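Below are the chains, spelled out letter by letter.
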Amino acid sequence: MAAMIEVEGLTKRFGPVLAVDGVSMTVERGEVLGFLGPNGAGKSTTMKMITGFLTPTAGTARLCGHDVLAEPLAVKRRLGYLPEGAPTYPDMTVLAFLEWVASVRGFAGAEKRARIERAMRATSLGEVIYYPIEALSKGFKRRVGLAQALLHDPEVLVLDEPTDGLDPNQKHEVRTLIRAMAAAKAIVISTHILEEVEAICTRAVVIARGRLVADGSPAALAARSRWHNAVTVRVLPDQRVAAMTALAPLPAVAAVEAEESPTDGLVALSALPAGGQPIEGAVRGALAAAGIAPRDLRIERGRLDEVFRAITTGAITTGSDAAGAVRKAA
Amino acid sequence: MGTFLAITRRELAAYFATPVAYVFIIIFLVMLGALTFSVGNFFERGQADLTPFFTFHPWLYLLLIPAITMRLWAEERRTGTIELLLTLPVAMWQAVLGKFLAAWAFTAIALALTFPFVVIVNILGTPDNGVIVAGYAGSLLLAGCYLAVGAALSALTRNQVIAFVVATAACFAFTVFGSPVVAGFIADAVPSGVLEAMRRISLIGRFDSITRGVIALRDIVFFASFIAFWLYANAVIVELRKAG
């Protein structure tokens, strides 16, 4: 079966500005795709084109096999979309707004009530249903937007910054909700919160200056970090020099970075591996030889924020898969 | 059909959700009363008809109708709800026609509230109520024309003030094109063919003849096509703005 979302060479030009430049990707059922990029990279513009709000300058998107340019209504019936900023009609009450969305989507009678009931339960809106939306906090407004997107139990969900403005408990609820729905749907979420990507996304793509620059699992992205497989040991301050002298010359170690903790006075020494190879054995051996017993030892998985920064500022070259997709589309 | 009605209902309710609707209706009725009785010499004329009442409708609409239409699309654009509306499974004609009909229904409500004028004139004399009904029909059609222009121009901008000013200017142009004053003023400057074309697309001449009780099919067809044209333009403008 074809992918639930197929994006082919999507390009958007606003006058002289190339906002999105030949983005291609596919999302399968069961995937939660994290759409990452700095502000202004083209995340929202890409989402607006996938959902049929903006007409692309070139390229197209297909949802469940329906082309968004040729069959916009078929696409929109299968799509739940939380636009950037979760816009809603401020003078309506939560209930009236959800009833309106349900009517527009063609639901009536008992089914309409049941769907509104379920969407409100999923987003914990029960206590505010008779409030005008303009009187709600940012977190509630976002959840109203989310309820609207979930109302018709769509096969494809596109959520532009679904947890923006939520407190930690609400973020947790929304992430749990997304994870619970993931198996039956194809979900795209844009975010700039990297912990969110590691928490709920099965795949992440990074967009910078309108181009897709990376595509892979969060773990694979993290593995590109120079911190991947790095070993961090904590030692007493007077062991700092000796430990650094022991670790720095090792051929498997590319660099050693030290950081003193302001709370317990211990020094964290991080040995970065040369070529991303595991170096735990070498580090333990060298420390033992120097007679240093570290307080603890931790192996790093890689730092997503560092990879993100490096990719989006152009310090890491594009992954071969993503670059191939971009070239093919162009 | 459910989709379309839901849009019309929401738009109509939106007018009454804020004081806009009540302010509009009160101003409309007060100004209409003042104009009819003082400027229009309703009593002094000694005739049992509503001619002085209907005469002022185009000029009042000129000021008030753009205030009804200015928010239709501009407000959605400003608050971003247009993105919600246009990513719901709504066909463009449903959105355009739904909004237009809501505005038209609102105008009809305001117009219906002028019924005391009909009562008064029937108490004072024996008017030709057929002509009065024709006058109301003509007034509603004229309002529909202004609304269609205003709605389309509201889709051009996210700024309601701009939407208001541009719509007023456009409606003013369509109103005065055919008037003898304008014709005399520009008669030397433009060829007679242009003058004739301007007279033909002018709204006020056709409105005047309907309020006199002359309901000609070609006038009805004109009003209907005028509205249809501007609704189509509305859809095109919204579609074009999607292309950014």
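This one's a predicted model, so the numbers in the text were calculated from it and none came from an experiment.

Reading the values: the criteria
- Residues numbered from 1 in each chain as written.
- Chains lettered and ligands numbered in written order.
- Predicted model: local features only at pLDDT ≥ 70, side-chain atom pairs only at ≥ 80, totals over all residues.
- Pairing = 2+ DSSP bridges.
- Helix = DSSP H or I, 4+ residues; strand = E, 2+ residues; numbered from the N terminus.
- Axes fitted to C-alpha atoms, helices over the stretch in contact; angles between N-to-C directions.
- Contact = placed C-beta atoms within 7 Å.
- Domains from an automatic or database assignment.
- Nonpolar A, V, L, I, M, F, W, Y, C, P; charged D, E, K, R; others polar.
- Buried ≥ 20, exposed ≤ 12 C-beta atoms within 10 Å, placed from the backbone.

1. Some remarks on the sheet that holds strand E3 (residues 32-36) of chain A
All names here are of chain A.
Right, so step 1: Pairing is mixed across the open sheet formed by six strands, whose spatial order is E6-E7-E8-E3-E9-E10. Two strands bound the open sheet, and with one partner strand each, they are strand E6 (79-82) and strand E10 (211-216). Strand-to-strand twist in this sheet, taken as the mean axis angle between neighbours without regard to direction, amounts to 15°.
Right, so step 2: Two strands pair when backbone bridges link them, and strand E7 (residues 156-160) and strand E8 (residues 186-190) are joined in this way by five bridges, in the parallel orientation. Bridge pairing in E8 links Val 156 to Ala 186.
Right, so step 3: Across the sheet, helix H11 (residues 304-312) is in contact with E3, strand E9 (203-208) and E10; its angle to E9 comes to roughly 35°.

2. Focus on the domain arrangement of chain A
Right, so step 1: Once the domains are mapped, chain A shows domain 1 (5-223 + 307-329) and domain 2 (231-300).
Right, so step 2: Put simply, the middle of domain 1 of chain A and the middle of domain 2 of chain A, counted by C-alpha atoms, are 42 Å apart.

3. Description of the interface of chain B and chain A
Right, so step 1: On the side of chain A, 24 residues touch chain B, which itself brings 22 residues to the contact.
Right, so step 2: Breaking the side of chain B that touches chain A down by element, the ones donating at least two residues are helix H1 (2-17) and helix H5 (81-87) of chain B.
Right, so step 3: Per element, the largest residue contribution to the side of chain B that touches chain A is seven residues, and it comes from H1 of chain B.
Right, so step 4: Residue composition of the side of chain B that touches chain A, grouped by class: eleven nonpolar, eight polar and three charged.

4. Some points on the pairing of strand E11 (residues 231-235) of chain A
All names here are of chain A.
Right, so step 1: Because side chains alternate across E11, one face comprises the buried residues Val 231, Val 233 and Val 235, and the other comprises Thr 232 and Arg 234, none of which is buried.
Right, so step 2: In the sheet, E11 pairs with strand E13 (residues 267-273) via five bridges, with the strands oriented antiparallel. Bridge assignment links Arg 234 to a residue of E13, and that residue is Ala 268.
Right, so step 3: Bridge count for E11 against strand E14 (residues 296-299) is four bridges, and the pairing is antiparallel.

5. Topic: the sheet that holds E13 of chain A
Residues and elements named next belong to chain A.
Right, so step 1: The strand order E12-E13-E11-E14 describes an open sheet built from four strands, whose pairing is antiparallel. At either end of the open sheet lies a strand with only one pairing partner, and these are strand E12 (253-260) and E14. Geometrically, the sheet is characterised by an average inter-axis angle of 20° between neighbouring strands, direction not taken into account.
Right, so step 2: Direction of pairing for E12 relative to E13: antiparallel, over a ladder of seven bridges. Across the sheet, Ala 258 pairs through a bridge with Leu 269, a residue of E13.
Right, so step 3: Across the sheet, helix H10 (residues 280-289) touches E11, E13 and E14, and the angle it forms with E11 is around 25°.

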